[in-house]
Amino acid sequence: MEEQREEGWGFSTRAIRTGHHRTSEGEHSEPIFPTSSFVFSSAAEAAARFSGEEPGNIYARFTNPTARNFEERLAALEGGERCVATASGMSAIWATCMGLLQAGDHIVSSRSIFGTTTILFNKYLSRFGIETGFVNLTDLAAWEAAIRPETKLLFLETPSNPLTEVADIAGLSELAHAHGCLLVVDNCLCTPALQRPLSLGADIVIHSATKYLDGQGRCIGGAVVGSHELVGEEVFGVLRTAGPTLSPFNAWVFLKGLETLDLRMQAHSRNAQQLAEWLEGHPQVGRVYFPGLPSHPQHALAMQQQQAPGSIVAFDVKGGQLAAWTLIDATRMLSITANLGDTKTTITHPASTTHGRLTPEERSRSGISNGLVRIAVGLEDIADIQADLGRGLDSL
Ligand SMILES: *Cc1c(COP(=O)(O)O)cnc(C)c1O
């Protein structure tokens, strides 16, 4: 189901060819520009660039051709007018809030978001008079009830991590716009290969490029995608002034990552689907959380909203924390790390790591049981991933 955009190109063509403006050297592969400043042909040209009368490079805090190559390519994939690349996923979220909010404004956010994003909202934005209310991702009535006259922004990730709950992006954009709010979606887990929130009505898409856009666990970076006005003016203004800039080298790694994004996301999803189906039939496994399973509560919505289910699979091991740790320690190939979005499969115990700072009550309210294990399924042979987990599960 390929939409046509930009000279009629399909998704993969845009992922491979958009944004490279070949130089006079005739290079075939995209160049890296490690230069902090740019030279003008005259004093008048310098003045015109600085005043904004004439487009072009000035200084690499806010204009670099390699970063722009990545920005143009990602904007084309998400279907947005503008993209601003940032030094990390967190600085993408921070720059969005700095650009679009002021003291007295209010955010309504899903409770199931990246832990550091929760800290950014609760500990730091609150110091500057921006408050955040948290709601259950899938409860549309709760979102509506939490909106106040001063609410400016609704924030979410879908599917959520680690429980893979899926939110109705189109429904939430309608709700946001009916109340004069912007809908911001952190699209890290799906990437535009699997889900394009802007086409469902969202105003801004955020990325931690560190994850699947890189895809091989090498670089830290982020991006914000949206309209000329919101992203091209407001978020870009924060980047230009405050400087959480993506390095040209990292931009180059990410733009090469985009070339294989669709292939990788389909392959991640296929591996995850097979693993989830196998886990669901295993006697030592309780509930399996994966949007591609018909038993998933939002399976139908996920299949309509996403091109494929993604790579996060979570499951309850019978026997609680001891059993979960035994399983994790019995693996020999899987990497015990909380990172995701890598060719290498990773395994974590959320209750004692990513969600370890929550009280037991908060954890159980969030559905994170002591036996929960999260897998970010990589691109190794599925038989080897299964064998590595099977050894531990069979020993329980
Ligand atoms: C990792 C992550 C972030 C933060 O990105 P960094 O690149 O680590 O700063 C934000 N949101 C989600 C969903 C993430 O997984």
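Residues numbered from 1 in each chain as written. Predicted model: local features only at pLDDT ≥ 70, side-chain atom pairs only at ≥ 80, totals over all residues. Heavy atoms only, no water.

A few words on the overall build of the protein. Within the protein one finds 15 helices and twelve strands. Relative to the compact-globule value of 21 Å for 396 residues, the protein shows a C-alpha radius of gyration of 22 Å, a close match. Summarising its shape, the C-alpha atoms of the protein cover approximately 75 × 50 × 35 Å along the three principal directions. Looking at the protein as a whole, 54% of its 396 residues qualify as buried. Pairs at least 24 apart in sequence give 71% of the contacts found in the protein among residues at least 6 apart. Accessible surface computed for the protein: about 16,700 Å², of which carbon and sulfur atoms make up 53%. Computing the positive centroid from 30 side-chain charges and the negative centroid from 43, the protein places the two 5 Å apart. (Helix = DSSP H or I, 4+ residues; strand = E, 2+ residues; numbered from the N terminus. Rg over C-alpha atoms; globule rule 2.2 N^0.38 Å. Buried < 20%, exposed > 50% of the residue type's maximum accessible area, 1.4 Å probe, protein only. Contact = heavy atoms within 4.5 Å. Areas by Shrake-Rupley, 256 points an atom, 1.4 Å probe, with all protein chains shown as cover. Lys, Arg positive; Asp, Glu negative; His and termini not counted. Charge placed at Lys NZ, Arg CZ, Asp CG, Glu CD.)

Turning to the pairing of strand β4 (residues 151–157), a few remarks are in order. The buried fraction of β4 amounts to six of the seven residues, a majority that puts the element mostly inside the structure. Bridge count between strand β2 (residues 106–110) and β4: four bridges; the pairing is parallel. Among the inter-strand pairings, I107 is bridged to a residue of β4, identified as L153. Bridge count between β4 and strand β5 (residues 182–186): five bridges; the pairing is parallel. The residue bridging L153 from the neighbouring strand is L182, located in β5. At this point the chain moves from β4, through helix α7 (residues 169–178), to the parallel β5, and the crossover so formed is right-handed. (Pairing = 2+ DSSP bridges. Right-handed = clockwise from strand over helix to strand, strands pointing away.)

Below, the discussion takes up the side chain of T132. Tracing the backbone shows T132 in strand β3 (residues 131–135). Accessibility expressed as a relative area gives 16% for T132, which makes it buried.

A few words now on the nonpolar core. In this structure, F70, L74, L213, V225, L258 and L261 are the most contacted members of the largest nonpolar core, which totals 34 residues. Those elements that place two or more of their residues in this core are α1 (11–17), α3 (65–78), β1 (82–86), α8 (191–194), β7 (222–226), α10 (248–259) and α11 (261–280). Summarising the domain contributions, this core has at least three residues from each of domain 1 (14–258) and domain 2 (261–394). With sequence-adjacent residues up to four places away left out, L258 is seen in contact with A15, F70, R73, L74, L77, L213 and R264. Counting 28 residues, the second largest nonpolar core, distinct from the first, contains A92, L100, F155 and L230. (Core = buried A, V, L, I, M, F, W, Y, C linked by side-chain atoms within 4.5 Å. Domains from an automatic or database assignment.)

Moving on, we come to the sheet that holds strand β10 (residues 335–336). Strand order in the open sheet formed by five strands is β8-β9-β12-β11-β10, with mixed pairing between adjacent strands. The strands lining the two open edges of the sheet, one partner per strand, are β8 (285–289) and β10. As paired elements, β8 and strand β9 (residues 312–317) share three bridges and run antiparallel to each other. The residue bridging Y289 from the neighbouring strand is A314, located in β9. The sheet contacts of helix α13 (residues 320–330) involve β9, β10, β11 (346–348) and β12 (372–376), and relative to β9 the element is tilted by about 130 degrees. (Axes fitted to C-alpha atoms, helices over the stretch in contact; angles between N-to-C directions.)

Turning to the sheet that holds β3, a few remarks are in order. Read from one edge of the open sheet, seven strands run β1-β7-β6-β5-β4-β2-β3, paired in mixed fashion. Sheet topology places β1 and β3 at the edges, where each strand pairs with a single neighbour. Between one strand axis and the next, the sheet turns by 20 degrees as a mean value, whatever way the strands run. Where strand β6 (residues 204–208) lies against β7, four bridges are found, and the strand directions are antiparallel. The partner of H207 across the bridge, within β7, is A223.

This brings us to the side chain of T63. Here T63 lies in the loop between α2 (43–51) and α3. A polar side-chain atom of T63 sits 2.9 Å from the main-chain amide nitrogen of I58. (Polar contact = N/O pair within 3.5 Å; in protein donor to acceptor, adjacent residues only side chain to side chain.)

This part is about α13. All of the buried residues in α13 are A323, A324, L327 and I328. Around the axis of α13, the buried residues are gathered within 135 degrees of arc, so they sit on the same side. Looking at α13, the residues exposed on the side facing more than 90 degrees away from the buried face are L322 and D329. Buried-residue contacts for α13 involve β9, β10, β11, β12 and α15 (382–395). (Arc of directions from axis to C-beta.)

This part covers the domain arrangement of the protein. Many structure descriptions define interface size as the accessible area lost when the parts assemble. On domain assignment, one finds that the protein holds domain 1 (14–258) and domain 2 (261–394). If you average the C-alpha positions of domain 1 and of domain 2, the two centres end up 27 Å apart. At the junction of the two partners, domain 1 supplies 33 residues and domain 2 supplies 36 residues. Approximately 2,800 Å² of surface area, both sides summed, lies buried where domain 1 meets domain 2, with 58% of it carried by carbon and sulfur atoms. Looking only at domain 1, the three residues that lose the most surface to domain 2 are L163, L194 and Y212, adding up to 27% of its buried area. (Buried area = accessible area lost by both parts, 1.4 Å probe.)

The local shell around the ligand consists of S88, G89, M90, F114, E157, D186, C188, S208, T210, K211 and G221. Contacts to the ligand include D186, whose side-chain N or O atom sits 2.6 Å from a nitrogen atom. Compared with its free state, where it exposes 380 Å², the ligand has 91% of that area covered by protein. (Near = heavy atom within 4 Å.)

Quick look at α7 now. Every buried residue of α7 is accounted for by I169, G171, L172, S173, L175 and A176. Buried-residue contacts for α7 involve α6 (140–146), β4, β5 and α12 (299–305). By the N-cap criterion, in which a side-chain oxygen at the helix start approaches the backbone nitrogen of a residue two or three places on, α7 is capped by D168, the distance to A170 being 3.3 Å.

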